[in-house]
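Listed below are the residues making up each chain.
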Protein chains: 2
Amino acid sequence: MISQTAEYALRAMVFLAMQKSPAVGHEIAAATKVPPGYLSKLMQQLVKSKLVNSQRGIGGGFVLAKAPVDISILDVVNAVDPIEKITSCPLDIMSHGLNLCPLHKRLSLATAQVEQAFAQSNLSELVEESRSPLCTSVPLESGG
Amino acid sequence: MISQTAEYALRAMVFLAMQKSPAVGHEIAAATKVPPGYLSKLMQQLVKSKLVNSQRGIGGGFVLAKAPVDISILDVVNAVDPIEKITSCPLDIMSHGLNLCPLHKRLSLATAQVEQAFAQSNLSELVEESRSPLCTSVPLESGG
DNA sequence: TGGCAAAAAGACCTTTATGTCCATAATAGC
DNA sequence: GCTATTATGGACATAAAGGTCTTTTTGCCA
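Reading the values: the criteria
Residues numbered from 1 in each chain as written. Chains lettered and ligands numbered in written order. Predicted model: local features only at pLDDT ≥ 70, side-chain atom pairs only at ≥ 80, totals over all residues. Heavy atoms only, no water. Helix = DSSP H or I, 4+ residues; strand = E, 2+ residues; numbered from the N terminus. Buried < 20%, exposed > 50% of the residue type's maximum accessible area, 1.4 Å probe, protein only. Contact = heavy atoms within 4.5 Å. Near = heavy atom within 4 Å. Polar contact = N/O pair within 3.5 Å; in protein donor to acceptor, adjacent residues only side chain to side chain. Nonpolar A, V, L, I, M, F, W, Y, C, P; charged D, E, K, R; others polar. pLDDT = per-residue confidence, 0-100. Core = buried A, V, L, I, M, F, W, Y, C linked by side-chain atoms within 4.5 Å. Pairing = 2+ DSSP bridges. Axes fitted to C-alpha atoms, helices over the stretch in contact; angles between N-to-C directions. Parallel < 35°, antiparallel > 145°, perpendicular 65-115°, else oblique. Phe/Tyr/Trp six-rings, centres within 6.5 Å; stacked < 30°, edge-to-face > 60°. Salt bridge = Lys/Arg side-chain N within 4 Å of Asp/Glu carboxyl O. Expected span 1.5 Å × (residues − 1).

Bringing the overall build of chain A into the picture now. In terms of helices and strands, chain A carries six helices and two strands. Tracing chain A from N to C terminus, the helices and strands come up as α-α-α-β-β-α-α-α. Counting only residues that meet the buried cut, chain A has 45% of its 144 residues in that class. Residue pairs in contact within chain A that sit at least 24 positions apart in sequence constitute 61% of those at least 6 positions apart.

In structure tokens form, the structure reads like this:
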């Protein structure tokens with residue numbers, strides 16, 4: 001569904017959302033089980049996207065650039081691995097008599113739904129809900 | 001959102017859904033603009049998944065194994081590039097005091113929504129709707 | 001039965017994603 | 001200014017996805 005890269009970035013951002021003071025790279029990497037060298041790349045992207053501020057030297061590290069409530073899952077995903085929308089058919093085979101558009105309309109719609117869901121969740125929610133140990137066994141409520 | 005592979009497979013299946021008689025590989029490849037050699041691999045997977053029947057020799061080719069109405073987008077996607085569901089956190093870092101579960105709950109939910117959308121569309125719909133030239137300019141209705 | 005047309009199978013290559021490593025630059029404390 | 005600490009940047013390595021090519025197998029039909 002999302003790339004490994006996006007997954008890593010989200011973990012790091014959730015971790016940062018739980019921190020008061022700056023967290024250094026290796027600390028984030030250890031806590032989130034992300035390869036340290038790779039995380040460093042991702043952090044750079046998050047900094048460039050203005051989601052995170054960085055500070056070098058002793059006492060430095062990374063902090064969120066905004067309040068957790070103002071950072072959505074979509075913000076994070078788009079920072080490291082943008083969701084690409086289908087705006088037109090990838091082929092011009094319409095003109096060949098083959099009609100793929102209904103297909104791509106559905107794919108677009110599915111993408112839009114995911115985007116919307118990601119846009120509606122913010123880091124604050126993710127941290128707030130973290131009280132109960134949902135992780136191990138809850139099978140996820142798929143319905144409505 | 002979906003892989004290139006899944007996209008190719010869907011194109012091929014839509015094409016087959018529009019055919020009466022068996023279509024040979026290079027014909028499908030040409031019509032759907034899928035690399036011929038690669039398509040051949042995908043067709044094999046679709047055959048193994050019982051979505052398509054194949055016939056060698058003169059007059060042979062590929063045909064759908066069921067009525068288009070009985071084949072969903074999800075069937076096709078899963079045949080070539082299964083959507084992987086998150087059933088538990090990818091880490092055991094819950095026990096470390098870092099709570100990622102709300103995050104993965106949301107990712108799971110998004111995946112489930114996509115699956116549901118894909119499960120609800122069948123090839124018949126895609127072919128039926130193909131009358132009007134939707135492809136070029138419709139920006140997709142993202143809302144509800 | 002021979003020959004041709006087609007799928008099946010698999011070896012191989014290319015590109016992209018993921019991951020590692022090291023040198024460099026900036027910052028704080030001394 | 002010196003040193004420790006930290007992020008930054010880029011080169012490099014590995015893994016996975018995507019794509020090409022050749023050979024083998026199968027079925028049809030003359």
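So that's the structure; there's more coming.
Let us look at the protein's contact with DNA strand C. The immediate surroundings of DNA strand C are formed by 25 residues, with T5(A), Y8(A), P35(A), K41(A) and S54(B) found nearest. With respect to DNA strand C, the side chain of Q55(A) contributes an N or O atom lying 3.1 Å from a sugar or linking oxygen. Here the surface near DNA strand C is built from residues that sort into eight nonpolar, 12 polar and five charged.

A few words on unusual backbone geometry. Even without being a glycine, K33(A) presents a positive backbone phi close to 60°. By the element assignment, K33(A) lies in the loop between helix 2 (25-32) and helix 3 (36-48).

This part covers the confidence of the model for chain A. Predicted confidence across chain A gives a mean pLDDT of 86, with 83% of residues reaching 70 or more. Between residues 132-144 of chain A, whose pLDDT stays under 50, and residues either more than four places distant or in other chains, the model counts 18 contacts.

Ranked by size, the top nonpolar core spans 77 residues in total, and within it L46(A) and L46(B) carry the most contacts. The residues touching L46(B), leaving out its near neighbours within four places in the chain, are A9(B), M13(B), L51(B), V52(B), V76(B), A79(B) and V80(B).

Quick look at the pairing of strand 2 (residues 61-64) of chain B now. As judged from the four bridges shared by strand 1 (residues 52-55) of chain B and strand 2 of chain B, these two strands associate in the antiparallel manner. Directly across from V52(B), in strand 2 of chain B, lies its bridge partner L64(B).

Attention now moves to the packing of helix 1 (residues 4-17) of chain B against helix 3 (residues 36-48) of chain B. All names here are of chain B. For the pair helix 1 and helix 3, interaxial distance at closest approach is 10 Å and the crossing angle is 75°. Of the possible angle classes, the one that applies to helix 1 and helix 3 is roughly perpendicular. Residues T5, Y8, A9, A12, M13 and L16 of helix 1 lie in contact with helix 3, whose contacting residues are Y38, L39, L42, M43 and L46. For the contact of helix 1 with helix 3, the per-class residue count stands at 10 nonpolar, one polar and no charged.

Aromatic ring pairs: the centre-centre distance and the angle between the two ring planes describe each pair. Residue and element names in this part refer to chain A. Using the criterion set out here, one finds two aromatic pairs over all chains in the structure. On the numbers, 6.0 Å between centres and 80° between planes, the contact of Y8 with Y38 is edge-to-face. Taken together, the residues span a long stretch of sequence, with Y8 in helix 1 (residues 4-17) and Y38 in helix 3 at a distance of 30 residues. The exposure class of Y38 is partly exposed, given its relative accessible area of 37%.

What follows deals with the pattern of salt bridges. All names here are of chain A. Enumeration over the complete set of coordinates arrives at six salt bridges over all chains. When the shortest N-O distance is used, the salt bridge between E115 and K85 registers 3.8 Å. Separated by 30 residues along the polypeptide, E115 in helix 5 (residues 101-120) and K85 in the loop between helix 4 (73-80) and helix 5 bring together distant segments of the chain. In this structure E115 comes out as buried when scored by relative accessible area, which is 13%. The exposure class assigned to K85 is exposed, which follows from its relative accessible area of 54%.

Mapped onto the fold, S121(A) is located in the loop between helix 5 and helix 6 (123-128). Discounting residues that sit within four places of it in the chain, S121(A) has contacts with I71(A), S72(A), I73(A) and R106(B).

Looking at DNA strand D, there are 25 residues lining it, with S54(A), T5(B), Y8(B), P35(B) and R56(B) nearest. Protein-adjacent atoms of DNA strand D, using a 4 Å cutoff, are sugar or phosphate at a proportion of 69%. Between DNA strand D and K41(A) there is a distance of 2.8 Å, counted from a base nitrogen to a side-chain nitrogen or oxygen. Q44(A) is positioned such that a nitrogen or oxygen atom in its side chain is 3.1 Å from a base nitrogen of DNA strand D. Mapped onto the surface near DNA strand D, the elements with two or more residues apiece are helix 3, strand 1 (52-55) and strand 2 (61-64) of chain A together with helix 1 and helix 3 of chain B. For the surface near DNA strand D, the element with the most residues is helix 3 of chain A, which contributes four residues. Of the residues in the surface near DNA strand D, the class split is eight nonpolar, 12 polar and five charged.

Position of A30(A) relative to the elements: it lies in helix 2. A C-alpha to C-alpha distance of 18 Å links A30(A) and S54(A), two positions 24 residues apart in sequence.

With that settled, the discussion passes to helix 1 of chain B. Between its terminal C-alpha atoms helix 1 of chain B stretches 20 Å, which fits the 20 Å expected from 14 residues at 1.5 Å a residue. Counting buried positions along helix 1 of chain B gives 13 out of 14 residues, so the element sits mostly inside the fold.

In this structure, T32(B) sits in helix 2 (residues 25-32). Residues T32(B) and A12(B), spaced 20 residues apart in sequence, show a C-alpha to C-alpha distance of 6.4 Å.

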